[in-house]
Amino acid sequence: MNGELILDLISWALFLTGGLFVFAGSLGMLRFPDFYTRIHAAGVTDTFGSELILLAMALQSDDFTTVIKLFFIALFLLLTSPVSTHAIAHSAWVGGFNPLLGKKLEYPEEELPR
Amino acid sequence: MVRFILKVAGRQIALIMTLGLLWLCLSGEEHWANSTLAVFGLASVLLCVWLADRAGMLDREGVPTRIFPGILGYMFWLTIEIGKANLIVVAHALRPGLKLSPKMVEVPAHQTSDIGKTIFANSITLTPGTVSVDLHEGSILVHALTEELSDPAGMNLMGHKVCALDGPEGRDWAKQKQLERAQQRQVAP
């Protein structure tokens, strides 16, 4: 067992977990019933899906500058993805689009306070 | 003297140091020893800071020094919270029958500054299973995927942590809240 092999193993494990998160996020996006719930599934892909894959890529690189660049990509993803998610959700909310609520997944009968 | 300099040009110095560090990180080792390139790097950093200062961007929004150093520990804590929430949402996406119970909740936001409110709302959105939908005066409207994810206690704890990193008055507020909670715990049993 040398160090490079161990790094390779960790990085491949991270690649596979990240891929699983991306897959689960996409599956959730197809399966979840309405717009607002689908946003949550997309959030999985945004956070752990991309971050774990970036971390695995950082472990594969043999150069400090590449690691730093991947770190900055991860940071910018973390800072910008909630902003775009909020922009979509907020515009749907302001536009008068009602979410499905409760265990029975029904549209609310009375008008929601906006 | 040091305090005076920090008061007059604290943001400028912070930005120069950050940009310099960024240049060092991105340019790589072979550039550091090359004096011509190092001078060019320093010159570009100073030019950027001067232009930003001229454009009036070096205010509390452009260079938010007040959230440091608390934001670093907070981001570490937030990563763990995101991990936990990720597992819950993934389990919901993969289970054979859907068992969702979406809910809208109002979460109180006590942050005094704009950047504190932004950090709090972004943290809520970044955590899978909760999305901040609307901002009101003193509260945030949150859409949660399930009943358990909409638990207000968890989001209130997050709000308190954001208050604790948000400037001196936020720190005082969070300390006072912590004392109150400790007193309540003493009274309760």
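All of these numbers come straight from a predicted model, not from anything done at the bench. What you see as residue numbers is a count from 1 along each chain, following the sequence as written. All chains are assigned letters beginning with A, and all ligands numbers beginning with 1, in the order in which they are written. Two thresholds apply to this predicted model, a pLDDT of at least 70 for residue-level local features and 80 or more for giving and counting side-chain atom pairs, whereas whole-chain, interface and lining totals are computed over all residues.

### Structural notes on the overall build of chain A
Secondary structure is summarised from DSSP: a helix means a run of H or I of at least four residues, a strand means a run of E of at least two, and numbering begins at the N terminus for each. Along its length, chain A carries three helices and zero strands. Counting helices and strands in the order they occur from the N terminus, chain A gives α-α-α. In terms of overall dimensions, chain A is more spread out than a globule: its C-alpha atoms have a radius of gyration of 19 Å, far above the 13 Å expected for 114 residues. Seen along its three principal axes, the alpha-carbon backbone of chain A occupies a region of about 65 × 25 × 15 Å. Atoms counted for the radius of gyration: C-alpha only. Globule rule: 2.2 Å times residue count to the power 0.38.

### Quick notes on the overall build of chain B
Helix and strand counts for chain B stand at seven helices and three strands. The N-to-C order of helical and strand elements in chain B reads α-α-α-α-β-α-β-β-α-α. Taking 2.2 N^0.38 as the reference for a compact globule, 189 residues should give roughly 16 Å; the C-alpha atoms of chain B span a radius of gyration of 22 Å, well beyond that estimate. Here the C-alpha coordinates of chain B stretch approximately 65 × 45 × 30 Å along the principal axes. Residues are defined as contacting one another if the C-beta atoms placed from their backbone atoms lie within 7 Å. Taking the contacts inside chain B whose residues are at least 6 apart along the sequence as the reference set, 68% of them involve residues at least 24 apart.

### Structural notes on the sheet that holds strand 2 (residues 130-136) of chain B
For two strands to be treated as a pair, DSSP must find no fewer than two bridges joining them. Within the open sheet, the three strands sit side by side as 1-3-2 (chain B). Their pairing is antiparallel. Either end of the sheet is taken by a strand with one partner, and the two such strands are strand 1 (103-108) and strand 2 of chain B. Geometrically, the sheet is characterised by an average inter-axis angle of 30° between neighbouring strands, direction not taken into account. Pairing of strand 2 of chain B with strand 3 (residues 139-144) of chain B involves six bridges; the strand directions are antiparallel. For Thr130 of chain B, the partnering residue across the bridge sits in strand 3 of chain B and is Ala144 of chain B. To get an axis, fit a line to the C-alpha atoms, keeping to the stretch in contact for a helix; angles then go from 0 to 180 degrees between the N-to-C directions. In the packing of helix 3 (residues 64-94) of chain A onto the sheet, the strands contacted are strand 2 and strand 3 of chain B, and the crossing angle to strand 2 of chain B comes to about 60°. Its contacts with the sheet place helix 5 (residues 114-126) of chain B against strand 2 and strand 3 of chain B, and it is angled at close to 150° to strand 2 of chain B.

### Points about the interface of chain A and chain B
On the side of chain B, 28 residues touch chain A, which itself brings 30 residues to the contact. Listed by contribution, the elements that provide at least two residues to the side of chain A that touches chain B are helix 1 (3-31), helix 2 (35-60) and helix 3 of chain A. At 10 residues, helix 3 of chain A tops the list of elements feeding residues into the side of chain A that touches chain B. Each residue belonging to the side of chain A that touches chain B can be placed in one class, and the counts come to 18 nonpolar, 10 polar and two charged. Following the grouping adopted for this structure description, the nonpolar residues are Ala, Val, Leu, Ile, Met, Phe, Trp, Tyr, Cys and Pro, the charged ones are Asp, Glu, Lys and Arg, and the polar ones are all others, Gly among them.

### Overview of the nonpolar core
Core analysis: the largest hydrophobic core is formed by 44 residues, its most contacted members being Val44 and Leu52 of chain A together with Val89, Phe120, Ile140 and Val142 of chain B. Those elements giving two or more residues to this core turn out to be helix 1, helix 2 and helix 3 of chain A together with helix 4 (70-94), helix 5, strand 2, strand 3 and helix 6 (152-165) of chain B. Element by element, the count of residues in this core is highest for helix 2 of chain A, at 10 residues. Residue contacts for Phe120 of chain B: discarding those within four places in its chain leaves Ala109, Gln111, Ile140, Met158, Gly159 and Val162 of chain B. By definition, a nonpolar core groups buried Ala, Val, Leu, Ile, Met, Phe, Trp, Tyr and Cys residues that connect through C-beta atoms lying within 7 Å of each other. Any residue with 12 or fewer other C-beta atoms within 10 Å of its own C-beta is exposed, any with 20 or more is buried, and the rest are partly exposed; the C-beta atoms used are placed from the backbone.

### With respect to the packing of helix 1 (residues 2-27) of chain B against helix 3 (residues 35-54) of chain B
All names here are of chain B. It is at 9 Å that the axes of helix 1 and helix 3 come closest, and there the two elements cross at 140°. By the criterion of interaxial angle, the relationship of helix 1 to helix 3 is oblique. Between helix 1 and helix 3 lies a crossing whose hand is right-handed. Contacts between helix 1 and helix 3 involve Gln12, Leu15, Ile16, Leu19, Gly20, Trp23 and Ser27 on the former and, on the latter, Gly41, Val45, Cys48, Val49, Ala52 and Asp53. We call two directions roughly parallel when the angle between them is under 35 degrees, roughly antiparallel when it is over 145, roughly perpendicular when it lies between 65 and 115, and oblique otherwise. The handedness criterion is simple: a crossing whose near helix is rotated anticlockwise from the far helix by less than a right angle is left-handed, and one whose near helix is rotated clockwise is right-handed.

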